[in-house]
Amino acid sequence: MGYTIENVTVITWDDELKITKNATVKTDGSKISYVGSKADDINESITDIRIDGTGKVLIPGFVNAHTHIPMTLLRSYADDLNLQTWLFDHIFKIEDKLNDDDVYWGTQLGMLEMIAGGTTCFCDMYYFVDKIANATSESGMRALLSRGLTNDSDIDDYSDDYRIKEAIDTFTQWNGADNNRIRVSFAPHAIYTCAPNYIRAIRDTAQKLGAYIHVHIDETMKEHNDSLSQYGMTPVQHLNSIGLFDLPTIAAHCVHVTDEDMDIMKEKNVSFVHNPGSNLKLGSGIAPVPKALQKGLNVALGTDGASSNNNLNMWEEMNLAALIHKGVTMDPLAVKAEEAFKMATVNGARALGFNTVGQIKQGFNADMVLIDISKPHYFPEHNLVSNLSYSAQASDVETVFVDGKILYDKGEYKTLDKEKIYYNIKRVYKRLFLT
Ligand SMILES: [Zn+2]
């Protein structure tokens, strides 16, 4: 069974972005089986469900390339603080009290928010990952999950490290699950929470399993300067000297990376995940995204956790990415609308290693979002991509597909029970913060 979406505007690209009006897009099972301008030359199965796309645009689902989804539980819990104070004095303390049930419901809450905003795929780093994987599997979303790994004691043998053991168990159980909708990576949290030998041990484990690496890099000036005084190298150079980048790596933040660092990242094919909302809120700085784009790095976009953003809205990140660099560089061409749109979609999919995700293209996974463009802020239509990057709202999302299944349609969740989630979030909130 599949869907046939007719009379729809579709955004596609190979080398160049292309807008096709009055298009037909057809899905067959989990894949996109047809994208074209003529409805008559396709074989329509009798079981196909037809959707009228008049007044709508079909875009690839957003890929949130760096988040900590259960941190929805800590939304607005500790605001207006710098990263060190926020993380060490507030977040880590409350996180010690979290149990697997809390993480499960926090994940579900994050999924309500992401799906309704057109995000179909995310890259996560947290703990109790089995519960996150359970919730992801039930929701129908696509994800690259990881257990955040921290250990600052520099020893020779980490074979008894319970966190690495948990990460291996999660990998064994979940990597490739649900038709490869769920994959598992390894996540040394950051250089300021992981001893060099620990990062080495994680690299070796991930290499054996053929896993990706997800890591925070150079988020603050403090991290950058501490790295220079402790190792005589920048965080990127330090991690490169450990050999971490020999594995496919997703580097979150990269706020203070140097020109030379970006050359290393380019050479090693490290994806640069820009988190403008979180970096602004924590006062961490503004990442050198225009430079990274000039150097040809794969730049993706992420919200970071809802405790430092404070939402999981990729439209806002796209808007910030398209705006803030113009202000900082005083160059209106610094990050164009089209580039921000690619960062939120195809570049994110590429970073995560989902190679048939992030485009509306025949043979790709049907991870797609129908946007209602019959609203005032889409008129007139001088430039649809500009309208999507500068004017769109998350509430314009009408229908969300992942792997050819509808997860959300006109305000209704097909896989998640909103009332049950709210009830449990209130219960968890009471236990964590009011008792
Ligand atoms: Zn993060």
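The shown structure was predicted, so the numbers you read here are calculated from the model rather than taken from an experiment. (Residues numbered from 1 in each chain as written. Predicted model: local features only at pLDDT ≥ 70, side-chain atom pairs only at ≥ 80, totals over all residues. Heavy atoms only, no water.)

1. Looking at the packing of aromatic side chains
The criterion, for reference: Classification of ring pairs rests on two measures: the distance between centres of Phe, Tyr or Trp rings, Trp counted by its six-membered ring, which must be within 6.5 Å, and the angle between planes, read as stacked under 30 degrees, edge-to-face over 60 and tilted in between. Only runs of H or I of at least four residues qualify as helices and only runs of E of at least two qualify as strands under DSSP, and these elements are numbered from the N terminus. Either the NZ atom of lysine or the CZ atom of arginine qualifies as a charge over a ring when it sits within 6 Å of the ring centre and within 35 degrees of the ring normal.
Summed over all chains, the structure comprises 13 aromatic pairs. Arranged with centres 5.1 Å apart and planes meeting at 50 degrees, the rings of tyrosine 77 and phenylalanine 433 form a pair that is tilted. Placement of the pair is tyrosine 77 in the loop between strand E6 (62–67) and helix H1 (83–95) and phenylalanine 433 in helix H16 (residues 418–433), with a sequence separation of 356 residues. An aromatic cluster is defined as three or more aromatic residues linked by ring pairs; in this entry it consists of Tyr77, Tyr429 and Phe433. Just above the ring of tyrosine 104 sits the side chain of lysine 131; from NZ or CZ to the centre is 5.9 Å. Stacked on the ring of tyrosine 212, the Lys or Arg arginine 183 has its end atom at 5.0 Å from the ring centre.

2. Quick notes on the packing of helix H2 (residues 100–116) against H16
Operational definition: Every axis corresponds to a line fitted to the C-alpha atoms, with the helix fit spanning only the stretch in contact, and the corresponding angles, defined between N-to-C directions, vary from 0 to 180 degrees. Here is the rule for angles: anything less than 35 degrees is roughly parallel, anything more than 145 is roughly antiparallel, 65 through 115 is roughly perpendicular, and the remaining ranges are oblique. Left-handed describes a crossing whose near helix is turned anticlockwise from the far helix by less than a right angle; the clockwise case is right-handed. By definition, residues are in contact when any of their heavy atoms lie within 4.5 Å. Residues are grouped as follows: Ala, Val, Leu, Ile, Met, Phe, Trp, Tyr, Cys and Pro are nonpolar; Asp, Glu, Lys and Arg are charged; every other residue, Gly included, is polar.
At a minimum axis separation of 9 Å, H2 and H16 run at an interaxial angle of 135 degrees. Judged by the inter-axis angle, H2 sits oblique to H16. Judged by the twist between their axes, the crossing of H2 over H16 is left-handed. For the pair H2 and H16, the contacting residues are Asp101, Asp102, Trp105, Gly106, Gln108, Leu109 and Leu112 in the first and Lys418, Lys420, Ile421, Tyr422, Asn424, Ile425, Arg427, Val428, Arg431 and Leu432 in the second. Each residue belonging to the contact of H2 with H16 can be placed in one class, and the counts come to eight nonpolar, three polar and six charged.

3. Side note on the coordination of the zinc ion
Keep this limit in mind: Atoms are scored as donors when they are N, O or S and lie within 2.8 Å of the metal, with 3.2 Å used for Na, K and Ca; no water is included, so coordination may look incomplete. Under this scheme a four-donor centre is tetrahedral when all angles range from 85 to 135 degrees, a four-donor centre is square planar and a six-donor centre octahedral when opposite donors are above 155 degrees with the rest from 65 to 115, and any other centre is irregular.
Every protein donor of the zinc ion is accounted for by His66 (NE2), His68 (NE2), His216 (NE2) and Asp304 (OD), and the metal-donor separations fall at 2.1 to 2.4 Å. Coordination at the zinc ion is irregular: its four donor atoms span angles of 87 to 172 degrees at the metal.

4. Examining the layout of surface pockets
This is how the line gets drawn: Whether a set of points on the 1 Å grid over the protein atoms alone is a cavity depends on a 1.4 Å probe fitting there but being unable to get out, while an open set qualifies as a pocket with protein on both sides within 12 Å along at least five of seven lines; lining residues are those with an atom within 4 Å of a point. Grid points are joined across faces, edges and corners, and a volume is the space filled by probe spheres set on the points.
Approximately 560 Å³ is the volume attributed to the largest pocket. In terms of lining, the largest pocket is formed by 26 residues, of which the most central are Phe92, Glu95, Tyr127, Thr150 and His189. Of all the elements in the fold, those that place two or more residues in the lining of the largest pocket are H1 and strand E8 (142–149). Sorting elements by how many residues they give to the lining of the largest pocket places H1 first, with seven residues.

5. With respect to the domain arrangement of the protein
Quick reminder of the rule: Residue ranges assigned to the domains are those given by an automatic or database domain assignment. The term buried area denotes the loss of accessible surface (1.4 Å probe radius) that occurs when two parts are joined, taken as the sum for both partners. Just to be clear on terms, a salt bridge is a Lys or Arg side-chain nitrogen sitting within 4 Å of an Asp or Glu carboxyl oxygen.
Here the domain parsing of the protein yields domain 1 (3–61 + 357–413) and domain 2 (62–352). Between domain 1 and domain 2, the C-alpha centre-to-centre distance is 28 Å. Domain 1 puts 30 residues into the contact, and the matching count from domain 2 is 30 residues. Its largest share of buried area at the contact with domain 2, domain 1 owes to Ser389, Tyr390 and Tyr413, together 22% of the area lost on that side. There are two salt bridges connecting domain 1 and domain 2. As a salt-bridge pair, arginine 142 and aspartate 367 come within 2.6 Å of each other at their nearest N and O atoms. Those elements that place two or more of their residues in the side of domain 1 that touches domain 2 are strand E1 (3–13), strand E5 (56–60), strand E14 (368–372), helix H15 (384–391), strand E15 (397–402) and strand E16 (405–409). Looking at the side of domain 1 that touches domain 2, the element that brings in the most residues is H15, giving five residues. Residue classes in the side of domain 1 that touches domain 2 are distributed as 20 nonpolar, eight polar and two charged.

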